[in-house]
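Overview (structure and organization)
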Amino acid sequence: MADVLKDKIAIVTGGAKGLGAGIAAELDSEGAHVVVTDVDGEGAAKTAAGLARGESAVCDVRDDAAVAALVADVVGRHGKLDIMVANAGIGTVTPLADMTIDAWRQVLAVNLDGVFSSVRHAARAMAASGGGSIITMASITAFAGSPLIGHYAAAKAAVVSLTKTAAIEFRGHGVRVNAICPGFIGTDLVTDRAPEFEQQLGVDDFTAVISQAQGRMGEVRDVTPLAAFLASDRSRFSNGSAFVVDGGMSASLV
Ligand SMILES: NC(=O)c1ccc[n+]([C@@H]2O[C@H](COP(=O)([O-])OP(=O)(O)OC[C@H]3O[C@@H](n4cnc5c(N)ncnc54)[C@H](O)[C@@H]3O)[C@@H](O)[C@H]2O)c1
């Protein structure tokens with residue numbers, strides 16, 4: 001694909017690093033103008049500086065009014081919004097028995113409430129200007145019990161549900177909404193938590209455990225082409241779907 005996103009205006013949340021930064025670069029390489037947003041403004045600016053047409057903004061997706069203002073600002077300056085990638089997410093490692101209600105709410109606030117705000121405000125703006133494509137970042141943890149990350153997995157399952165509802169409610173307005181469900185990708189979200197997983201699971205090497213199940217640890221570039229495809233009109237008949245990218249992990253029971 002080349003230039004399949006020419007003249008498209010995109011917002012990527014959580015774009016300072018990891019999958020968000022990779023997706024911003026992929027959309028940029030396909031011709032989109034990408035607004036990289038993050039609670040980490042410095043990181044977002046750094047990602048944007050590496051793009052051909054990038055710009056950045058600080059946006060905490062937990063703040064519904066801030067997400068609304070971000071979308072309004074982008075539409076005001078560019079005349080439309082074509083692509084929203086609701087990617088921002090966090091995680092902690094705790095068994096349910098030890099999980100405080102605060103820990104639960106902190107993860108849900110970013111990983112579910114933040115996606116709700118990003119989807120809702122983007123979809124309304126897109127509906128008003130002829131349509132667009134929204135991509136939510138879910139996870140294969142949406143589909144199975146996920147020990148030690150129960151809050152994270154519950155949020156991701158809800159994101160898949162939200163994705164489907166939004167797809168149907170906005171279908172008549174030319175807005176498509178699809179979820180990407182990666183397996184374990186070697187970003188800070190996973191590698192920073194590896195020692196906690198190792199301690200809780202009683203294993204020496206969390207990457208080895210994941211590699212056993214996935215074939216290898218996933219890379220950001222394993223996921224980013226799917227985001228570009230879903231953002232483009234080439235995926236025009238895909239709507240309300242959850243696309244798994246996990247090296248086959250969820251295909252196997254053993
Ligand atoms: N890495 C994986 O294995 C994996 C697998 C499945 C799904 N995901 C999902 O992909 C998305 C990106 O994950 P990643 O691995 O790149 O993580 P990451 O930790 O590398 O990056 C996450 C980014 O989100 C930003 N962020 C956190 N809270 C925010 C907030 N309130 N508002 C705005 N930005 C915020 C962070 O500053 C950071 O830049 C997340 O939704 C994550 O759940 C990751």
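Definitions and limits used
Residues numbered from 1 in each chain as written. Predicted model: local features only at pLDDT ≥ 70, side-chain atom pairs only at ≥ 80, totals over all residues. Heavy atoms only, no water. Helix = DSSP H or I, 4+ residues; strand = E, 2+ residues; numbered from the N terminus. Buried < 20%, exposed > 50% of the residue type's maximum accessible area, 1.4 Å probe, protein only. Contact = heavy atoms within 4.5 Å. Areas by Shrake-Rupley, 256 points an atom, 1.4 Å probe, with all protein chains shown as cover. Phe/Tyr/Trp six-rings, centres within 6.5 Å; stacked < 30°, edge-to-face > 60°. Axes fitted to C-alpha atoms, helices over the stretch in contact; angles between N-to-C directions. Parallel < 35°, antiparallel > 145°, perpendicular 65-115°, else oblique. Left-handed = near helix turned anticlockwise from the far one by under 90°. Nonpolar A, V, L, I, M, F, W, Y, C, P; charged D, E, K, R; others polar. Patch = residues over 30% accessible without salt bridge, like charges linked within 9 Å, V, L, I, M, F, W, Y side chains within 5 Å. Salt bridge = Lys/Arg side-chain N within 4 Å of Asp/Glu carboxyl O.

The next point concerns the overall build of the protein. Across its full length, the protein holds nine helices and seven strands. Each principal axis of the C-alpha distribution contributes one length, and for the protein these read about 55 × 40 × 35 Å. Taken over 254 residues, the protein has a buried fraction of 52%. For the protein, the proportion of contacts with a sequence separation of at least 24, taken over those separated by at least 6, is 69%. Of the roughly 11,400 Å² of accessible surface on the protein, 53% is carried by carbon and sulfur atoms.

Further remarks concern the packing of aromatic side chains. The description of an aromatic ring pair rests on the distance of the ring centres and on the angle between the ring planes. A complete count under the given rule lists two aromatic pairs for this structure. Seen in terms of ring centroids, F197 and F206 are 4.3 Å apart; in terms of plane orientation they differ by 0°. Their pairing is stacked. A relative accessible area of 7% means that F197 is categorised as buried. By relative accessible area, F206 is classed as buried at 3%. By way of ring pairs, the aromatic residues F184, F197 and F206 are connected into one cluster.

Another point: the packing of helix α1 (residues 18-29) against helix α9 (residues 220-231). The interhelical angle for the contact between α1 and α9, taken along N-to-C directions, is 50°, at an axis separation of 9 Å. With respect to each other, α1 and α9 are oriented oblique. Considering only the axes of α1 and α9, their crossing is right-handed. Within the contact between the two elements, α1 uses G18, L19, G22, I23, E26 and L27 and α9 uses V220, V223, T224, P225, A227, A228 and A231. Tallied by class, residues from the contact of α1 with α9 come to nine nonpolar, three polar and one charged.

It is worth spelling out a nonpolar patch on the surface at this point. On the surface, a cluster of nonpolar side chains totalling about 310 Å² of accessible area is made up of L96, I101 and W104. With respect to the helices and strands, the residue I101 is situated in helix α4 (residues 101-128).

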